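Working through the structure, step by step
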Amino acid sequence: MHEFTFKGNELYCEDIKISAIAGRVPTPFYLYSYKTLLDHYRKLRLAFSAISPLICFSVKSNSNIAILRALVKNGAGLDIVSGGELYRARLAGADPKKIVYAGVGKRPDEIEDAINAGILFFNVESEEELDAIQRIAASLERRVNVAIRINPDVVPRTHSHIATGKGDTKFGLDFETVHKIFNSQWRYPNLNIRGVHIHIGSQIVDGDPFEEAIKKVLSFLKKYKIEVGHFNIGGGLGIIYSIENPQTAKNFAKRVLPILKRARLKIILEPGRFISGNSGILVTKVLYTKITPRNTFVIVDGGMSDLIRPSLYTAYHKIVPVKVKQDSAQTCEKVDVVGPICESGDYLGKDRFLPMMRKGDLLAVMGAGAYGFAMSSNYNSRPRAAEVMVMKGKVHIIRRQESYADLVRGESIPKELK
Ligand code: LLP
């Protein structure tokens, strides 16, 4: 469920007409519903209330500091993957004791910053990383909590680029190595190896791989009598983009709660998309239409630099007109919605049935709240889009559209070329 709905023939965000927002904010822009964001977070929290897990929102899915603040203010922790995300987490006022830090390539300076910040856990992905954290913790005279990321070698049915739990990916460590690490804890006097972590992939709509991975880890811990306090079961819950039928928070909890309860561990969840995905859309304007012998193109002002998921993963995002014209319902036509970028892969949707579009019409690209703005770029020297949040009847610009000056900030021409 989300708060982008038609009332009459106009698309609204909560109680506000999107066309009215587009009158004030230059397109393309990202638009978020605070209510939807919070609803999804609360749904998960409620479904798991029997074990009160720590829910660490995955910053990489949507890292705007207003979005982070909204969740943090309501009790969420954060899952980070870089020094930049730690910086954002702190600006959002996150409690460091609710921050977990994953990623296969943490730099020494990033590790040092996170130790100084006093985060809850490093989710460690290699033995060399463990050595690095030990070395840095010793030099700072600190003891640091770490969790070992296990690669449980399960096959999540999702796009290969976002499947992480298979044995052949770069993520986590195999059971044998993890066993070895727990047996050689004396090597790490400055580390408390107190947790295990998994994250098997993203946009996973079926519960089987989660259950399989959780069971594999728990039986491993039992078999080798490994004692840890925390089990981070990752993120990855899929959402509805088109015809998916993902497990709800309730069904997911029903399935894994009995297993987790028996384990008597403090559970951490780190969802991104489940919370932010359907909380945001991309609003874009039609610049031109073009009919060729083979296709009808609707050329819009948003492209792969704003939302790369269709180009990168052939991901499907529903596209709807922001205003449905009275006379247009019958005259739907098959079109490709494409952006202004000089690549044939630059599209937002192909073979879509849309009412006849005209210059100046607005389109909403749905389900763009996760990995939308966060993966946007300045390709083709396009300023990045504004981000707007509707909250309690008000419209807030939470990131202004970039300017041309923003595009070249930090660049310089050597004196010799002047
Ligand atoms: N935890 C870790 C360690 C992760 O790597 C990720 C996502 C998450 C949690 C959150 O996963 P989520 O709940 O959002 O599925 N750009 C891709 C998704 C990449 C996901 C990367 N890791 C996309 O647009 O589909």
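Residues numbered from 1 in each chain as written. Predicted model: local features only at pLDDT ≥ 70, side-chain atom pairs only at ≥ 80, totals over all residues. Heavy atoms only, no water.

For the rest of this paragraph, the subject is the nonpolar core. Judged by nonpolar contacts, the single largest core of 97 residues is most densely connected at F48, F122 and F231. Residues in contact with F122, not counting those within four places in the same chain, are Y101, K106, I111, A114, I115, I133, V144, N145, V146 and A147. Core analysis: the second largest hydrophobic core is formed by 21 residues, F4, A22, L31 and V283 among them. (Core = buried A, V, L, I, M, F, W, Y, C linked by side-chain atoms within 4.5 Å. Buried < 20%, exposed > 50% of the residue type's maximum accessible area, 1.4 Å probe, protein only. Contact = heavy atoms within 4.5 Å.)

Within the secondary structure, V256 sits in helix α9 (residues 249-263). Those residues in contact with V256 that sit more than four places away from it in its chain are F48 and I214. (Helix = DSSP H or I, 4+ residues; strand = E, 2+ residues; numbered from the N terminus.)

Our next topic: the layout of surface pockets. Its volume calculated, the largest pocket comes out at about 670 Å³. For the largest pocket, the lining is made up of 28 residues, of which M1, H2, H40, I240 and N278 are closest to its centre. If you list the elements that add at least two residues to the lining of the largest pocket, you get β1 (4-7), α2 (34-47) and α9. No other element matches α2, which puts 4 residues into the lining of the largest pocket. Classifying every residue of the lining of the largest pocket by side-chain character gives 15 nonpolar, 10 polar and 3 charged. Here the lining of the largest pocket gathers at least three residues from each of two domains, domain 1 (4-31 + 278-408) and domain 2 (34-276). Estimates place the volume of the second largest pocket at around 570 Å³. K60, T164, F171, H199 and Y371 are, among the 28 residues lining the second largest pocket, the residues nearest its centre. Grouping the amino acids of the lining of the second largest pocket by side-chain chemistry returns 10 nonpolar, 10 polar and 8 charged. Built from parts of two domains, the lining of the second largest pocket gets at least three residues from each of domain 1 (4-31 + 278-408) and domain 2 (34-276). (1 Å grid on protein atoms, 1.4 Å probe; cavity = no way out; pocket = protein on both sides within 12 Å on 5 of 7 lines; lining within 4 Å. Points joined across faces, edges and corners; volume = space filled by probe spheres on them. Nonpolar A, V, L, I, M, F, W, Y, C, P; charged D, E, K, R; others polar. Domains from an automatic or database assignment.)

On to a nonpolar patch on the surface, then. A cluster of nonpolar side chains, namely I65, Y87 and L91, defines an oily patch on the protein surface of about 320 Å² accessible area. Checked against the element boundaries, Y87 lands in helix α4 (residues 83-91). (Patch = residues over 30% accessible without salt bridge, like charges linked within 9 Å, V, L, I, M, F, W, Y side chains within 5 Å. Areas by Shrake-Rupley, 256 points an atom, 1.4 Å probe, with all protein chains shown as cover. Salt bridge = Lys/Arg side-chain N within 4 Å of Asp/Glu carboxyl O.)

Another aspect to go through is the pattern of salt bridges. Inspection of every chain in the model, using the stated rule, returns 20 salt bridges. For the salt bridge of D131 with R187, the shortest nitrogen-to-oxygen distance reads 3.3 Å. Of this pair, D131 sits in helix α6 (residues 127-139) while R187 is found in the loop between α7 (175-183) and β10 (191-197), placing the two residues 56 residues apart along the sequence. Judged by relative accessible area, which is 37%, R187 ranks as partly exposed. Where E402 meets R384, a salt bridge forms, and the shortest distance between an N and an O atom there is 3.1 Å. With E402 in the loop between β20 (394-399) and α12 (404-408) and R384 in the loop between β18 (362-365) and β19 (386-391), this pair connects stretches of sequence that are 18 residues apart.

Right, let's get into unusual backbone geometry. Residues T27 and P28 are joined by a peptide bond in cis, for which omega reads -5°. With respect to the helices, strands and loops of the structure, P28 is situated in the loop between α1 (18-22) and β4 (29-33). Here D351, not a glycine, exhibits a phi torsion of approximately 50°, which is positive. Residue position: D351 is located in strand β17 (residues 347-355). D351 gets classed as partly exposed once you look at its relative accessible area, which sits at 47%. Located in the positive-phi region is Y371, a residue other than glycine, with phi close to 55°. Tracing the chain through its elements places Y371 in the loop between β18 and β19.

Moving on, we come to the pairing of β20. Taken together, the 5 bridges between β19 and β20 define a ladder with antiparallel strand orientation. Paired with V388 across the two strands is I397, which belongs to β20. In textbook terms, the turn of a hairpin is the stretch between consecutive antiparallel strands, and for β19 and β20 this stretch comprises 2 residues, one of which, K392, has a positive phi near 50°. (Pairing = 2+ DSSP bridges.)

Our focus in this paragraph is the domain arrangement of the protein. Assigned domains of the protein: these are domain 1 (4-31 + 278-408) and domain 2 (34-276). Here the C-alpha centre of domain 2 lies 32 Å away from the C-alpha centre of domain 1. In this complex, domain 1 contributes 23 residues to the contact, which on the side of domain 2 involves 23 residues. Taken together, the two surfaces of domain 1 and domain 2 that pack against each other cover about 2000 Å², and 54% of this comes from carbon and sulfur. The largest share of the area that domain 1 buries against domain 2 comes from N278, S279 and Y371, three residues that together contribute 30% of it. Those elements that provide at least two residues to the side of domain 1 that touches domain 2 are α11 (309-313), β19 and β20. (Buried area = accessible area lost by both parts, 1.4 Å probe.)

This part covers the packing of α2 against α9. Angle between the axes and distance between the axes: these two values describe a pair of packed helices. Axis separation between α2 and α9 bottoms out at 9 Å; the angle between their running directions is 30°. Classified by the angle their axes make, α2 and α9 are roughly parallel. Crossing angle aside, the handedness with which α2 passes α9 is right-handed. Across from K43, L44 and A47 in α2, the residues of α9 making contact are A249, K250, A253 and L257. Here the residues of the contact of α2 with α9 are counted per class, giving 5 nonpolar, no polar and 2 charged. (Axes fitted to C-alpha atoms, helices over the stretch in contact; angles between N-to-C directions. Parallel < 35°, antiparallel > 145°, perpendicular 65-115°, else oblique. Left-handed = near helix turned anticlockwise from the far one by under 90°.)

All right, on to the sheet that holds strand β7 (residues 99-101) then. Sheet strands pair by backbone hydrogen bonding; their relative direction is either parallel or antiparallel. One closed barrel holds the 8 strands; their spatial order is β5-β6-β7-β8-β9-β10-β11-β12, and the pairing between them is parallel. Mean inter-strand twist for the sheet, computed between neighbouring axes without regard to direction, equals 30°. Bridge count for strand β8 (residues 121-124) against strand β9 (residues 144-149) is 3 bridges, and the pairing is parallel. Its bridge partner being in β9, F122 is matched across the sheet by V146.

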